[in-house]
Amino acid sequence: ETGVTQTPRHLVMGMTNKKSLKCEQHLGHNAMYWYKQSAKKPLELMFVYNFKEQTENNSVPSRFSPECPNSSHLFLHLHTLQPEDSALYLCASSQVGNSGRGDTQYFGPGTRLTVL
Amino acid sequence: GQQLNQSPQSMFIQEGEDVSMNCTSSSIFNTWLWYKQDPGEGPVLLIALYKAGELTSNGRLTAQFGITRKDSFLNISASIPSDVGIYFCAGIHGSGNTGKLIFGQGTTLQVKP
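Each chain has its residues counted from 1, running along the sequence as written. Numbering of ligands from 1 and lettering of chains from A proceed in the order in which they are written. Local features in this predicted model are restricted to residues of pLDDT 70 or higher, and side-chain atom pairs are both shown and tallied only at a pLDDT of 80 or more, whereas totals for entire chains, interfaces and linings draw on every residue. Here the side-chain values reflect all heavy atoms present in the structure, with hydrogen atoms and water set aside.

### Describing the sheet that holds strand β1 (residues 4–7) of chain A
All names here are of chain A.
No. 1: Taking strand neighbours across the sheet as the criterion, the 4 strands line up as β1-β3-β8-β7 in an open arrangement whose pairing is antiparallel. If you trace the sheet from one side to the other, it starts and ends with β1 and β7 (64–70), each paired once. Across this sheet, the average inter-strand angle for adjacent strands is 20 degrees, counted without regard to direction.
No. 2: Sheet topology places β7 next to strand β8 (residues 73–79); 5 bridges connect them, and they run antiparallel. Bridged to Asn70 within β8 is His73. Between any two strands, at least two bridges found by DSSP are needed for them to pair. Note on conventions: DSSP H or I runs of at least 4 residues are helices, E runs of at least 2 residues are strands, and numbering of each starts at the N terminus. Note on method: axes are straight lines fitted to C-alpha atoms, helices fitted across the in-contact stretch only, with angles between N-to-C directions ranging 0 to 180 degrees.

### Focus: the packing of aromatic side chains
No. 1: Centre distance within 6.5 Å is the pairing criterion for rings of Phe, Tyr and Trp, where only the six-membered ring of Trp is used; planes under 30 degrees apart are then read as stacked, over 60 as edge-to-face, and the remainder as tilted. Taken as a whole and assessed by the stated rule, the structure comprises 9 aromatic pairs over all chains.
No. 2: Ring centres 5.3 Å apart and planes at 85 degrees place the aromatic pair Phe107 of chain A and Tyr35 of chain B in the edge-to-face group. Highlighted residues: Phe107 of chain A in strand β10 (residues 106–107) and Tyr35 of chain B in strand β4 (residues 31–37), drawn from two different chains.
No. 3: Whether a residue is buried, partly exposed or exposed follows from its accessible area with a 1.4 Å probe, protein chains only, as a fraction of its type maximum: under 20%, in between, or over 50%, in that order. Take Tyr35 of chain B: its relative accessible area is 0%, and that puts it in the buried class.

### A few points about the interface of chain B and chain A
One frequently used descriptor of interface size is the decrease in accessible area upon assembly of the parts.
No. 1: Contact definition: two residues touch when any of their heavy atoms are within 4.5 Å. The partner chain A presents 24 residues to the 22 residues of chain B that form the contact.
No. 2: Two parts placed together each lose some accessible area under a 1.4 Å probe, and adding up what both lose gives the buried area. Taking both sides of the interface into account, the surface hidden between chain B and chain A amounts to around 1,900 Å²; carbon and sulfur atoms contribute 55%.
No. 3: What counts as a salt bridge is simple: a side-chain nitrogen of Lys or Arg found within 4 Å of a carboxyl oxygen of Asp or Glu. Summed over the shared surface of chain B and chain A, the number is 1 salt bridge.
No. 4: Of the charged contacts in the structure, one is a salt bridge between Glu41 of chain B and Arg9 of chain A, with a shortest N-O distance of 3.4 Å.
No. 5: As used in this structure description, the phrase polar contact means that two N or O atoms lie within 3.5 Å; if the pair is within protein, one of them must be able to donate a hydrogen and the other to accept it, and residues adjacent in sequence are counted only when both atoms belong to side chains. Linking chain B to chain A there are 6 residue pairs in polar contact (both at pLDDT 80 or more).
No. 6: Within the residue set of the side of chain B that touches chain A, elements represented by two or more residues are β4 and β9 (85–92) of chain B.
No. 7: For the side of chain B that touches chain A, the residue count by class is 9 nonpolar, 11 polar and 2 charged. Each residue is assigned to one class: nonpolar for Ala, Val, Leu, Ile, Met, Phe, Trp, Tyr, Cys and Pro, charged for Asp, Glu, Lys and Arg, and polar for all the others, Gly among them.

### Structural notes on the sheet that holds strand β6 (residues 55–58) of chain B
Residues and elements named next belong to chain B.
No. 1: Overall, antiparallel pairing links the 5 strands, which are arranged β1-β3-β8-β7-β6 in an open sheet. Both edges of this open sheet fall to β1 (5–7) and β6, since each of them pairs with a single strand only. In this sheet, neighbouring strand axes are inclined to one another by 15 degrees on average, regardless of whether the strands run parallel or antiparallel.
No. 2: Here β1 pairs with strand β3 (residues 19–24) via 3 bridges, running antiparallel. Bridge assignment links Ser7 to a residue of β3, and that residue is Asn22.

The following block contains the structure:
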């Protein structure tokens, strides 16, 4: 499945590091999303971008900084993270404004992040 | 935040058996989605339902959008070992531009060969 790709697949970082996660969608969609998935918890929506504009920030700490330079690419910049931020970070995309079916989201494989 | 009630939380079944899981909500949804997630991977869309009462199949999988619009179920017939994984339901309240899925807690399925 190559519709939504994420890199890197695995990342280990210290609390003082700065790193970035990358997502790219090849589906021609106009909306992209970041989710956090921790063990034993439902997926948590972090950010939503529609047509490159951020439309949702779900009370995410400022140590997570998203960037959407165009409708195909989405980044999540990380700095001074905490060990509890260790999780699977998932990117998704959808085509909104499509006769009510626009919010069907397609997910990437995720980046497994470990903060030491 | 709001959640869907998904049950059962886990299932351990024999290969060849049929499986049924469901999601319920106190509020109405306009779309129901079912995803499967393998360990270390992202959720993969299995079935999307857009209309109350809709019954849709994808191979051995069948899902239905409840008439009340507050529930959905997923059935897997004649399970095989590769059906192992976590199954999530997700609902969308509005149509078009909301961009927000509400997820169930997931059903972990294990299949004994």
